[in-house]
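Coordinate inspection notes
Now for the letters of each chain:
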Amino acid sequence: ICDMVRDKQYSLRCYILTALIALTIFSLSTIAFSRNITIGSKSLSTKVVMLFIALAITPLQCFSEEYLFRVVIARLFNSDKNLVKLILSIASGIIFLFLHKLSNPEFLISPSIMLNLYYFLFGFLSMLLGLFLEDFTFPIIIHSINNLFIVIVCNYAGSPLESASFFSSSTIPS
């Protein structure tokens, strides 16, 4: 995979494949863990405007988070040793979890183990993937698709990314 990413001929295909896999995982997990999914209550025109705003802003927000919390850390502690990469990935997972705990009201609504595990693993796996590929494009794409999915496709009660999504879940995965 690492060689394919570095080879420009395969890069676009890899990014598209990653995006499709991530979208499939997010869709299936939403269906599996949400108890009550309904059609969003906002008007179609509001949803269309939100779609354009989300497509413009969300990738920039995700790039900023990934750059600050993964790329900067990876560059500060640059090492070829797998133990260092593992430690950096664990630290990244913890930082990602706690920053989201501080800023997301969803933790007040549902302080579940699944929610904590989700944020920790997201940060941990994003850093691990970026370090081993020596490229943070995939984590940025996956983070963007995750947030776009929440904002556009299916949001949930108490989400810090308030949006006019096409579907809404009244429960947070527990």
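Because the structure is predicted, anything quoted here is derived from the model rather than measured.

Moving on: the overall build of the protein. Within the protein, the secondary structure is distributed over seven helices and three strands. Going residue by residue from the N terminus, the α and β elements of the protein occur as α-α-β-α-α-α-α-α-β-β. When each of the 174 residues of the protein is scored for burial, the buried share is 41%. In the protein, of all internal contacts separated by at least 6 residues, the share reaching a separation of at least 24 is 66%.

What follows concerns the environment of F77. If you trace the backbone, F77 turns up in the loop between helix 3 (44-76) and helix 4 (82-103). Residues F77 and L88 lie 11 residues apart in sequence; the distance between their C-alpha atoms is 8.0 Å. When neighbours within four sequence positions are excluded, F77 is seen to be in contact with V84 and L88.

Phi angles above zero are rare outside glycine, and E134 is one such case at about 55°. As for its position among the elements, E134 is in the loop between helix 6 (113-133) and helix 7 (137-153).

Before going further, it helps to spend a moment on helix 7. Counted at 1.5 Å a residue, the expected span for helix 7 with its 17 residues is 24 Å, and the 23 Å between its end C-alpha atoms agrees. Most of helix 7 sits inside the fold, with 14 of its 17 residues counted as buried.

The subject of this paragraph is the environment of I152. Relative to the elements of secondary structure, I152 occurs in helix 7. The class of I152 is buried, set by a relative accessible area of 13%. Through-space distance from the C-alpha of I152 to that of V48 is 9.3 Å; in sequence the pair is 104 residues apart. When near neighbours in sequence (up to four residues on either side) are disregarded, I152 contacts L51, A54, L55, S165 and F166.

Before going further, it helps to spend a moment on the pattern of salt bridges. For the structure on display, the rule yields one salt bridge. In this structure, the salt-bridge partner of E66 is R70, at a minimum N-O distance of 2.7 Å. With a gap of four residues between them, E66 and R70 both fall in helix 3, about one helical turn apart. With a relative accessible area of 0%, E66 lands in the buried category.

The next thing to look at is the confidence of the model for the protein. Scored by pLDDT, the protein comes out at a mean of 76, with 66% of its residues at no less than 70. The weakest mean pLDDT in the protein belongs to helix 1 (residues 2-6) at 48; the strongest belongs to helix 4 at 89.

What follows concerns the nonpolar core. Within the largest apolar cluster, seven residues are counted, these being V71, I73, A74, L88, M127, L131 and F136. Elements supplying a minimum of two residues to this core: helix 3 and helix 6. For A74, the contacting residues outside a window of four places in its chain are M127, L131 and F136.

Positionally, N116 belongs in helix 6. The class of N116 is buried, set by a relative accessible area of 17%.

This brings us to the packing of helix 3 against helix 6. Helix-helix packing is characterised by the crossing angle of the two axes and by the distance between the axes. Their axes nearest at 10 Å, the elements helix 3 and helix 6 cross at an angle of 45°. Classified by the angle their axes make, helix 3 and helix 6 are oblique. Where helix 3 crosses over helix 6, the handedness of that crossing is right-handed. Residues E66, F69, R70, I73 and A74 of helix 3 pack against F122, G123, S126, M127 and L131 of helix 6. For the contact of helix 3 with helix 6, the per-class residue count stands at six nonpolar, two polar and two charged.

What counts, and at which threshold
- Residues numbered from 1 in each chain as written.
- Predicted model: local features only at pLDDT ≥ 70, side-chain atom pairs only at ≥ 80, totals over all residues.
- Heavy atoms only, no water.
- Helix = DSSP H or I, 4+ residues; strand = E, 2+ residues; numbered from the N terminus.
- Buried < 20%, exposed > 50% of the residue type's maximum accessible area, 1.4 Å probe, protein only.
- Contact = heavy atoms within 4.5 Å.
- Expected span 1.5 Å × (residues − 1).
- Salt bridge = Lys/Arg side-chain N within 4 Å of Asp/Glu carboxyl O.
- pLDDT = per-residue confidence, 0-100.
- Core = buried A, V, L, I, M, F, W, Y, C linked by side-chain atoms within 4.5 Å.
- Axes fitted to C-alpha atoms, helices over the stretch in contact; angles between N-to-C directions.
- Parallel < 35°, antiparallel > 145°, perpendicular 65-115°, else oblique.
- Left-handed = near helix turned anticlockwise from the far one by under 90°.
- Nonpolar A, V, L, I, M, F, W, Y, C, P; charged D, E, K, R; others polar.

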